[in-house]
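Working through the structure, step by step
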2 protein chains.
Amino acid sequence: MTAQYGLTAIGNAIVDILAHATDDFMKAQIQKGMNLNSMNLISAERAAELYGLMGPATEMSGGSAGNTMACFASFGGKGAYIGKVADDQLGKIFAHDTRAIGVHFESAPLVGGKPTAQCLILVTPDAARTMNTFLGACTQLTEDDVDENLIAHSQVTYLEGYLFDEPKAKAAFFKAADLVKKHNRKLALTLSDPFCVVRYRDEFMSLVENHVDILFANEAELKELTQISDTDQAIEALRGKCDIIAVTLGEKGSAIITANDTLRIAAVAPTQLVDTTGAGDSYAAGFLFGLTEGKSLQECGRLGSIAASEIISHMGPRPLVALKSLI
Amino acid sequence: MTAQYGLTAIGNAIVDILAHATDDFMKAQIQKGMNLNSMNLISAERAAELYGLMGPATEMSGGSAGNTMACFASFGGKGAYIGKVADDQLGKIFAHDTRAIGVHFESAPLVGGKPTAQCLILVTPDAARTMNTFLGACTQLTEDDVDENLIAHSQVTYLEGYLFDEPKAKAAFFKAADLVKKHNRKLALTLSDPFCVVRYRDEFMSLVENHVDILFANEAELKELTQISDTDQAIEALRGKCDIIAVTLGEKGSAIITANDTLRIAAVAPTQLVDTTGAGDSYAAGFLFGLTEGKSLQECGRLGSIAASEIISHMGPRPLVALKSLI
């Protein structure tokens, strides 16, 4: 059956609040338990405290899978997004930015509960980003939000590892995985974050072996998942556990691993390196756009590199120019 | 008496929602009555309609005088801001961004009324910006918000012409002007927008002649105020009506007009021309920072040019680097 959508993504629907931070600022926060260059889950109270300490910021819709969908649509792909915002100003911003780029987004907003999720992102002078997420309304994403019709009509369904951090969202995750199998579609997973892998290593490995067709990971996540500190050995340990494994390697590009082959894809140097927020999300978008358009794996990787190059050249995780204009 | 603050500004406290727009998009909106490259006051209904048509956006605190204060603080100046936000998510963002850069901001937020003001800004391929403002909570700025203590202790009080668009805010404006005189401080005014000058020409001229010490205007505003279409003749018509008149001339720089002299200040070419939103606001900030630091008028103008150059090199009206690092 021809699919109406190339890609449907399910993730935590988040508005990013981005600010530059000095190394001294980060040192003080690390003392308070912040994990540098990672995603930190924080409470509403900690979010208020940290926001009060941060410099002036810029707001932009974010969320890992949401960024991927924005990039996918920016390449010209047709897609849908499932995620939970609240019925508040930030929720309206997220919904606007998602729909404005042509992504189908009809998840019912949460009324009368927690606010829309916010991610306080600190961008350091080396362009690395440390994320501090208050999940808010995302904690109320449930199985009921997983629209079978969307998954049945999407070539690929893409899930965030981050969803595992909330029990209801995790149940939604597994429902989606089951529906993908039922409708004979493809399942893609991003491991999201090394600390996220630490939290759910065994479950992620079981998912990769039993459900996932296409896996996205960076080096740190790959090493955490396999518990092997050498990248090449970690790749060999994972090879064949699912059809395609795309490992992003920062400025070294990426590696695409299938049962019998390893393709090395070069990075595309950005015009300027400003903020790496969303680099992995955009790579996945380019890769999956290529895949759903029937391109070779080499070309899929190249599209991933092109997308990531645009994203890291400016503050914020979503493209400022139409990615299709860069192909 | 030594002033505790260099500058206190009073203005409409607004969060900007910035998106790129094509010329075709703008043509369709001009048909609906939008004034290109100007500030359009819009209703909540029109804001919802226009937002629904706009592309994905970035949010950033704005407001003309708010932008000026952010730039003034970024130069290292000590200042305060008076403006009305609502007790909502966008209001918290505005308050954060204002305080985070060191500006005193303690205006009580509006509770249970209209939302924080939003400005839908469409940036066209020529880097010009067309603003569409829903004033929301700003309509409830009143004389009670004008803190005499701040004005008494500020070398200069800076007012937006935009305040005239709401009767209560206009009353607050005149209260501030009276307090400046009472405490023997200086009053600065920006004419804000050519259409704003059309709406209040006679009152603005009376203000300039009787209250204002330092006037900021661009060419279009100058011509509207004087009703003279030749810039040099318009300058002569206005010369001496207040101590200092700073006229911004875009890429031609600016002219500083005193009773007996005209100084020509060169523009500073931006690294790239992206978005002119906030150019005039940042020029005023640099100029007033210089003035409150006792610099020559030539140097004041140069600081204005430096600030404007940084602002127009990126999306959004507030600096992305510390302006003091550019001196």
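Going by the structure above, here's the rest.
**Observations regarding the overall build of chain A**
When you go through chain A residue by residue, the secondary structure sums to 11 helices and 13 strands. In terms of C-alpha radius of gyration, chain A reaches 18 Å, essentially the compact-globule figure of 20 Å for 327 residues. Each principal axis of the C-alpha atoms in chain A carries an extent, and together these give about 50 × 40 × 40 Å.

**Some details on the relation of the copies chain A and chain B**
Note on the identical chains: chain A maps onto chain B by a rotation of 180° and an axial translation of 0.0 Å, with an RMSD of 0.0 Å. One copy is carried onto the other by what is essentially a two-fold rotation axis. The rotation axis passes nearest to the C-alpha of Glu59(A) in chain A, at a distance of 2.4 Å. Most of the interface of chain A is mirrored in chain B, where 100% of its interface residues are also at the interface.

**Thoughts on the interface of chain A and chain B**
In this assembly, 19 residues from chain A lie in contact with 19 residues from chain B. Those elements that provide at least two residues to the side of chain A that touches chain B are strand E4 (58-61) and helix H4 (89-100) of chain A. No other element matches H4(A), which puts 6 residues into the side of chain A that touches chain B. Among the residues making up the side of chain A that touches chain B, the classes are represented as 10 nonpolar, 5 polar and 4 charged.

**Side note on the nonpolar core**
Formed by 106 residues in total, the largest nonpolar core has its most connected members in Ile10(A), Met69(A), Phe72(A), Phe173(A), Ala176(A), Leu288(A) and Ala307(A). Broken down by element, the residue count for this core peaks at 8 residues, all from helix H10 (residues 279-292) of chain A. In this structure Ala307(A) touches Cys71(A), Ser282(A), Tyr283(A), Ala285(A), Gly286(A) and Leu323(A), once residues within four positions along its chain are discounted. Grouped together as the second largest cluster of nonpolar side chains are 105 residues, Ala19(B), Phe72(B), Phe94(B) and Cys138(B) included.

**With respect to the environment of Asn37(A)**
All names here are of chain A. Tracing the backbone through its elements, the reader meets Asn37 in the loop between helix H1 (23-31) and strand E3 (39-41). Residue class for Asn37 comes out partly exposed when judged on the 16 C-beta atoms lying within 10 Å of it. For the pair Asn37 and Gln272, spaced 235 residues apart in the sequence, the C-alpha separation amounts to 19 Å. Leaving out residues up to four positions away in the same chain, Asn37 has contacts with Ala128 and Thr130.

**Description of the packing of helix H8 (residues 219-226) of chain A against helix H9 (residues 231-238) of chain A**
Residue and element names in this part refer to chain A. Relative to each other, H8 and H9 sit at 60°, their axes nearing to 9 Å. It follows from the interaxial angle that H8 and H9 lie oblique. The interaxial crossing formed by H8 with H9 has left-handed handedness. In this structure, H8 contributes Glu219, Leu222, Lys223 and Thr226 to the contact, and H9 contributes Thr231, Ala234, Ala237 and Leu238. Residues belonging to the contact of H8 with H9 are distributed by class as follows: 4 nonpolar, 2 polar and 2 charged.

**Looking at the sheet that holds strand E10 (residues 214-218) of chain B**
All names here are of chain B. Read from one edge of the open sheet, 8 strands run E5-E1-E8-E9-E10-E11-E12-E13, paired in mixed fashion. Sheet topology places strand E5 (79-82) and strand E13 (262-265) at the edges, where each strand pairs with a single neighbour. For this sheet, the mean angle separating the axes of adjacent strands, direction not counted, is 15°. In this sheet, strand E8 (residues 154-160) lies alongside strand E1 (residues 5-10) in parallel orientation, the contact comprising 5 bridges. Within E8, the residue paired with Ile10 across the bridge is Leu159. Contacts from helix H3 (residues 64-74) reach E1, E5, E8 and strand E9 (186-190), with the element oriented near 165° to E5. Contacts from helix H10 (residues 279-292) reach E1, E8, E9, E10, strand E11 (244-248) and strand E12 (254-257) within the one sheet, and its direction differs from that of E8 by about 165°.

**Things to note about the sheet that holds strand E5 (residues 79-82) of chain A**
Residues and elements named next belong to chain A. Read across the sheet, 8 strands follow the order E5-E1-E8-E9-E10-E11-E12-E13 without closing on themselves; strand pairing throughout is mixed. Of all the strands in the sheet, the pair left with one neighbour each is E5 and strand E13 (262-265). Direction aside, neighbouring strands of the sheet carry axes that sit 15° apart on average. Of the strand pairs in this sheet, strand E8 (residues 154-160) and strand E9 (residues 186-190) are connected by 5 bridges, and their pairing is parallel. For Thr157, the partnering residue across the bridge sits in E9 and is Leu187.

**Some thoughts on the environment of Gln29(B)**
Structurally, Gln29(B) is set in helix H1 (residues 23-31). Residues Gln29(B) and Leu50(B), 21 residues apart in the sequence, show an inter-C-alpha distance of 8.8 Å.

Criteria and cut-off values
Residues numbered from 1 in each chain as written. Chains lettered and ligands numbered in written order. Predicted model: local features only at pLDDT ≥ 70, side-chain atom pairs only at ≥ 80, totals over all residues. Helix = DSSP H or I, 4+ residues; strand = E, 2+ residues; numbered from the N terminus. Rg over C-alpha atoms; globule rule 2.2 N^0.38 Å. Least-squares fit on C-alpha atoms with pLDDT ≥ 70 in both. Contact = placed C-beta atoms within 7 Å. Nonpolar A, V, L, I, M, F, W, Y, C, P; charged D, E, K, R; others polar. Core = buried A, V, L, I, M, F, W, Y, C linked by C-beta atoms within 7 Å. Buried ≥ 20, exposed ≤ 12 C-beta atoms within 10 Å, placed from the backbone. Axes fitted to C-alpha atoms, helices over the stretch in contact; angles between N-to-C directions. Parallel < 35°, antiparallel > 145°, perpendicular 65-115°, else oblique. Left-handed = near helix turned anticlockwise from the far one by under 90°. Pairing = 2+ DSSP bridges.

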